[in-house]
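# Survey of secondary and tertiary structure
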Amino acid sequence: MPQQVQGVVAPGKNEPVRVETIVIPDPGPGEAVVKIQACGVCHTDLHYKQGAINDDFPFLLGHEAAGIVESVGEGVTDVAPGDFVVLNWRAVCGQCRACLRGRPWYCFDTHNAKQKMTLLDGTELSPALGIGAFAEKTLVASGQCTKVDPAVAPEAAGLLGCGVMAGIGAAINTGNVGRGDSVAVIGCGGVGDAAIAGSRLAGAARIIAVDIDDKKLEKAKEMGATHTVNSRTSDPVEAIRELTGGFGADVVIEAVGRPETYQQAFYARDLAGTVVLVGVPTPEMKLELPLLDVFGRGGALKSSWYGDCLPSRDFPMLIDLHQQGRIDLGAFVTETIGLGDVEKAFARMHEGDVLRSVVIL
Ligand code: APR
Ligand code: ZN
Ligand code: ZN
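Residues numbered from 1 in each chain as written. Chains lettered and ligands numbered in written order. Predicted model: local features only at pLDDT ≥ 70, side-chain atom pairs only at ≥ 80, totals over all residues. Heavy atoms only, no water.

Named according to an unreviewed UniProt entry, the protein is S-(Hydroxymethyl)mycothiol dehydrogenase originating from Streptomyces laurentii. Within the UniProt record for the protein, the comment given under Sequence similarities (unreviewed entry) is "Belongs to the zinc-containing alcohol dehydrogenase family." Of the protein, the UniProt comment under Cofactor (unreviewed entry) reads exactly: "Zn(2+)". (UniProt positions renumbered as here; feature names shortened; annotations may be inferred.)

Time to look at the nonpolar core. Membership of the largest hydrophobic core comes to 84 residues, with the highest contact counts inside it found for Leu61, Leu87, Phe134, Ile196 and Ile253. Counting residues per element, this core draws most heavily on helix H4 (residues 163–174), which supplies seven residues. If you look at the next biggest cluster of nonpolar residues, it comprises 14 residues, including Ala184, Ala239, Ile240 and Leu277. (Core = buried A, V, L, I, M, F, W, Y, C linked by side-chain atoms within 4.5 Å. Buried < 20%, exposed > 50% of the residue type's maximum accessible area, 1.4 Å probe, protein only. Helix = DSSP H or I, 4+ residues; strand = E, 2+ residues; numbered from the N terminus.)

Bound to the zinc ion (ligand 3) on the protein side are Cys42 (SG), His63 (NE2) and Cys162 (SG), at distances that span 2.1 to 2.3 Å. Sequence positions of the residues that donate to the zinc ion (ligand 3) give the spacing C-x20-H-x98-C. Remark: Cys162 occurs in the loop between helix H3 (154–157) and H4 and Cys42 occurs in the loop between strand S3 (31–40) and helix H1 (43–49); sequence separation between them is 120 residues. Owing to a relative accessible area of 5%, Cys42 belongs among the buried residues under this scheme. By relative accessible area, which is 7% here, Cys162 ends up buried. (Donors = N, O, S within 2.8 Å, 3.2 Å for Na, K, Ca; no water.)

Tracing the chain through its elements places Thr146 in strand S10 (residues 145–147). Once you skip the residues sitting within four places of it in the chain, Thr146 turns out to touch Phe84, Val85, Val86, Asn88, Pro311, Ser312, Phe315 and Pro316. (Contact = heavy atoms within 4.5 Å.)

Another aspect to go through is the domain arrangement of the protein. Domains assigned within the protein are domain 1 (3–161 + 328–360) and domain 2 (167–304). On a C-alpha basis, the centroid separation for the pair domain 1 and domain 2 is 30 Å. Between domain 1 and domain 2, the buried area comes to about 690 Å², and carbon and sulfur atoms account for 66% of it. On the domain 1 side of the interface with domain 2, the three residues burying the most area are Phe332, Gly352 and Leu355, jointly 62% of the side's total. At the junction of domain 1 with domain 2, the criterion picks out one salt bridge. Inspection of the region where domain 1 meets domain 2 yields one residue pair in polar contact (both at pLDDT 80 or more). When the residues that make up the side of domain 1 that touches domain 2 are grouped by side-chain class, the tally is five nonpolar, one polar and two charged. (Domains from an automatic or database assignment. Buried area = accessible area lost by both parts, 1.4 Å probe. Salt bridge = Lys/Arg side-chain N within 4 Å of Asp/Glu carboxyl O. Polar contact = N/O pair within 3.5 Å; in protein donor to acceptor, adjacent residues only side chain to side chain. Nonpolar A, V, L, I, M, F, W, Y, C, P; charged D, E, K, R; others polar.)

Attention now moves to the packing of aromatic side chains. The full count for this structure, using the stated rule, is six aromatic pairs. Taken together, a centroid distance of 6.4 Å and an interplanar angle of 40° make the contact between Phe108 and Trp305 tilted. Here Trp305 lies in the loop between strand S16 (300–303) and helix H10 (311–323) and Phe108 lies in the loop between helix H2 (97–100) and strand S7 (118–119), a separation of 197 residues in the sequence. By relative accessible area, Phe108 is classed as exposed at 63%. Residue class for Trp305 comes out partly exposed when judged on its relative accessible area of 33%. Ring pairs connect the aromatic residues Trp89, Phe108, Trp305 and Tyr306, which therefore count as one cluster. (Phe/Tyr/Trp six-rings, centres within 6.5 Å; stacked < 30°, edge-to-face > 60°.)

Below, the discussion takes up the sheet that holds strand S4 (residues 59–60). Read from one edge of the open sheet, five strands run S7-S2-S1-S4-S8, paired in mixed fashion. Single-partner strands in this sheet number two, and they are S7 and strand S8 (126–127). Inspection of the sheet shows strand S2 (residues 18–24) paired to S7 by two bridges, in the antiparallel sense. Its bridge partner lying in S7, Ile22 is registered against Leu119. (Pairing = 2+ DSSP bridges.)

Two strands pair when backbone bridges link them, and strand S1 (residues 3–10) and S2 are joined in this way by seven bridges, in the antiparallel orientation. Within S2, the position partnered with Gln6 by the bridge is Thr21.

Moving on, we come to the packing of helix H7 (residues 236–243) against helix H8 (residues 259–268). Running from amino to carboxyl end, H7 crosses H8 at an angle of 30°, the nearest separation of the two axes being 9 Å. With respect to each other, H7 and H8 are oriented roughly parallel. Two packed elements cross with a definite hand, and for H7 against H8 that hand is right-handed. Mapping the contact onto sequence places Pro236, Val237, Ile240 and Arg241 in H7 and Gln264, Tyr267 and Ala268 in H8. (Axes fitted to C-alpha atoms, helices over the stretch in contact; angles between N-to-C directions. Parallel < 35°, antiparallel > 145°, perpendicular 65-115°, else oblique. Left-handed = near helix turned anticlockwise from the far one by under 90°.)

Let us now look at the sheet that holds strand S12 (residues 206–211). The strand order across the open sheet formed by six strands is S13-S12-S11-S14-S15-S16, and the pairing between neighbours is parallel. Sheet topology places strand S13 (227–230) and S16 at the edges, where each strand pairs with a single neighbour. Averaged over all neighbouring strand pairs, the angle between strand axes comes to 20°, with direction disregarded. The pairing of strand S15 (residues 269–277) with S16 spans four bridges and is parallel. Each residue of the ladder has a partner; that of Val276, found in S16, is Lys302.

As structure tokens, then:
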């Protein structure tokens, strides 16, 4: 029997989001219905509401979520009713060139649920990133569910579904930060702070946080930054060089997504060092660099796509480390809110003192 539940819908471009009754079909082959317990509010949800991703309104928002599998469809063996799962937006095919080469994060044949959730009048909903978890329940592909230790708080676990995983993964997967490395992180929002926490976890000796906001820099220290630089008041490239014996950092992670901060990252790395771009630029942004500097400085210029993560490997591992107190996923949760507060959480994103607002159900 299809079920009716409450969910947060973005009805049209820049229109305020509202809580609506939505209809969830029984799970079909390869699908699962998940009872959502917590879902973080991410910039991408706001971008959907603004029509910046595509025009497939109405959207069912929310995609950083954890919950309990309620029912599964035919052929589902990877999860079962009662499992505590973190959702991901990349249920990969396992068969394309990217998957077969062991880089499934570049798989573009990803699977979401085939059936549609709808409004009461039958209008089909587009779930944000194929998830749609600002809702009491949602319908996903079973491959979007990763089973993790149920002892963890759902509001902490769910954050691995997007921004926090992107930041940690930028450090541990893409940047390959290792014991004793010096790391600089430019931009200390949720993603940058997660890169800082990931660098600490990886054993970095020196972690330099760069931001234009002193409040962000204070928080970055709690996440593991050993040094901070306000790039409004001092030149970040010089400051990073000074803090690394005149050389530059082994790994510089750019978590803003702008040409000027990328340029800082490029020049703040040591010779043969690595730059990781995890901030998301907009289509019109261009970067100009002397080609001779690209040639002469060597090393690697990388970008990090969803933290280059493997949910099946990285989610359970990070939950274990969280449970052991070696990384604090809960530190990213600034406030817990209800389904009706998502619009307020969007407004608070611009105030700058929220890492994550998390909807609790
Ligand atoms: N130099 C240094 N820091 C900057 C600059 C700058 N020129 N401009 C902005 N910042 C800082 C902000 O002060 C803020 O602390 O970058 C941080 C950005 O944080 P958030 O807006 O909270 O964004 P976050 O969720 O961390 O995402 C960062 O990754 O996923 C992408 O779309 C996302 O591009 C964004 C980036
Ligand atoms: Zn694939
Ligand atoms: Zn997100």
